[in-house]
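So the chains spell out like this:
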Amino acid sequence: MRNFVGFLAVAVIGCSAASQEVDVDARIAHIENGLLPALVIEGLPPETMTLAQRMADLKVPGVSIAVFNDGAIEWARGYGMADVGEGRPVTPRTLFQAASISKPVAATAALKLVQDGRLQLDEDVNGWLGDWKVPGNRFTEVEPVTLRRLVTHTAGMTVHGFPGYGEGERVPTTVEVLDGAGNTAAIRVDTVPGSIWRYSGGGYTVMQYLLTEVAGMPFPEIMRTTVLEPIGMSESTYEQPLPDARRAQAATGYRGDGSEVDAKWHTYPEMAAAGLWTTPSDLARFAIEVQRAYAEDSDRVISPEMAKHMLEPGMNGWGLGPAITADGQRFGHGGSNEGFRCQFAAFIEGGRGVAVMTNSDAGGRLMREIIVTVFAEYGWPGIAPEERTVADLDAALYPRYAGRYDFPELGVITIEDVD
């Protein structure tokens, strides 16, 4: 299995002194060779594994990690294979699909337009929309769909997420997606806007269309000029499909059994919701820029005032784009596209955090373990292995629990009743 993973590490380490380099190298080695489990048993020492072993066990071909500390990327490494068949390794520049992490980055562009007076957070979005508008009904008669509600998943809109389009499938336009002419249902309001929190990639697709109407340019161009270039996210793009010139830089997506996603990856016309191609280092740059704005140290994209609005938790702890932790100390987001799993977690203050991207449907468990291990290595609070207690069970009850259990992230677990 180690040959399948093709374990390889390529490092980019930024340090100013030899002693710092040794310290960072030691931290990386501890993480690579002592990966902590996401769950531990009370009273028992955690069973650690090497990152290479864990990738092989979970059939995750490749993973890329960036850790930022004190407002700068401290290290970034790629492990394993971007494409197994081609023998192409993951490097810190390998592109992964960011999936739903596309949302907080896209929301930042919307906040920039609000800041520039071209949009309003709390007015009916139909006032800015042209030929296509959010269809009115008895729910919108009570409350309007607003930009704030779209980016916080409180607009009452349908469609949780999107499967994307594989090889040979026609890719619909944004309006066709909105009206259900693609491979998902029509995106509509089915409850009073502002009354509940419900995750909606559909709402972000409405936001995508809104931004193109207001800015008068294609969505990838809006994102490039408004957010990506100003922050220095030079590897990133919202172009869908990915241009041929960049295919050699992209990771191939894999299923949990190690097989390739058809055509290597899917295309997502729902760009604001799921269309960002990026690297952990560029996600780190995004988080650092938000942190700097919040600390009143930058206004390259959004102002300090807007950054504070962005990171203020609302319903279900959601900010204007990112999720905010219950303790109010961190922001972040996860993502799940066909063949890709990723996540970033960043402290609101202190310039610290981590971004992890994998090219496998089985990558969710691995990325959680990596983030837990990074937090432990750096002594950061807030994320640690979950502790469970072993319960005594009457042997007479054992037969009730025999069977096959299929967990989306853990895989299949079979329990047998053996005398």
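Just above sits the structure.
Conventions adopted
- Residues numbered from 1 in each chain as written.
- Predicted model: local features only at pLDDT ≥ 70, side-chain atom pairs only at ≥ 80, totals over all residues.
- Heavy atoms only, no water.
- Helix = DSSP H or I, 4+ residues; strand = E, 2+ residues; numbered from the N terminus.
- Buried < 20%, exposed > 50% of the residue type's maximum accessible area, 1.4 Å probe, protein only.
- Lys, Arg positive; Asp, Glu negative; His and termini not counted.
- Salt bridge = Lys/Arg side-chain N within 4 Å of Asp/Glu carboxyl O.
- Polar contact = N/O pair within 3.5 Å; in protein donor to acceptor, adjacent residues only side chain to side chain.
- Contact = heavy atoms within 4.5 Å.
- Phe/Tyr/Trp six-rings, centres within 6.5 Å; stacked < 30°, edge-to-face > 60°.
- Core = buried A, V, L, I, M, F, W, Y, C linked by side-chain atoms within 4.5 Å.
- Pairing = 2+ DSSP bridges.

(A) Region of interest: the side chain of Lys103. In this fold, Lys103 is placed in helix H4 (residues 102-115). The buried charged residue Lys103 lacks any salt bridge partner; its closest oppositely charged side chain belongs to Glu270, at an N-O distance of 9.4 Å. A polar contact is formed between the side chain of Lys103 and the backbone oxygen of Ala273, at a distance of 3.0 Å. Residue contacts for Lys103: discarding those within four places in its chain leaves His153, Tyr199, Gly201, Tyr204, Ala272, Ala273 and His333.

(B) Spatial organisation of the packing of aromatic side chains. Here the structure, examined in full by the defined rule, presents 14 aromatic pairs. For the ring pair Trp265 and Trp277, a centre distance of 5.1 Å and an interplane angle of 75° mean the geometry is edge-to-face. Here the residue Trp265 occupies a position in the loop between helix H8 (219-231) and helix H9 (271-274), and Trp277 occupies one in strand E7 (residues 277-278), the gap between them amounting to twelve residues. Owing to a relative accessible area of 0%, Trp277 belongs among the buried residues under this scheme.

(C) Highlighting the side chain of Thr94. Tracing the backbone shows Thr94 in the loop between strand E5 (88-89) and strand E6 (96-97). Looking at Thr94, its side chain comes within polar contact range of the main-chain nitrogen of Thr91, at 2.9 Å. Once residues lying within four places of it in the same chain are set aside, the contact partners of Thr94 are Ala82, Pro89, Gln249, Ala250, Ala251, Thr278 and Thr279.

(D) Spatial organisation of the nonpolar core. Judged by nonpolar contacts, the single largest core of 87 residues is most densely connected at Val134, Leu147, Met157, Met207, Leu211, Tyr238 and Phe331. With near-sequence residues (within four places) excluded, Met207 lies in contact with Ala106, Ala107, Ala110, Leu147, Leu150, Val151 and Ala272. Val24, Ala345, Ala362 and Val374 belong to the second largest nonpolar core, which has 26 residues in total.

(E) Seen up close, the pairing of strand E4 (residues 72-83). In terms of residue burial, E4 counts as a mostly covered element, since ten of its twelve residues are buried. Taken together, the eight bridges between strand E3 (residues 62-69) and E4 define a ladder with antiparallel strand orientation. From the neighbouring strand, Phe68 faces E4, where its bridge partner is Ile73. Linkage of E3 to E4, two consecutive antiparallel strands, is achieved through a turn of two residues, within which Asp70 is found at a positive phi near 55°. The pairing of E4 with E5 spans two bridges and is antiparallel. Considered in E5, the bridge of Asp83 is made with Arg88. What sits between the antiparallel neighbours E4 and E5 is a turn of four residues, in which Gly87 has the positive phi angle 65°.

None of the figures reported here should be taken as evidence of function without further support.
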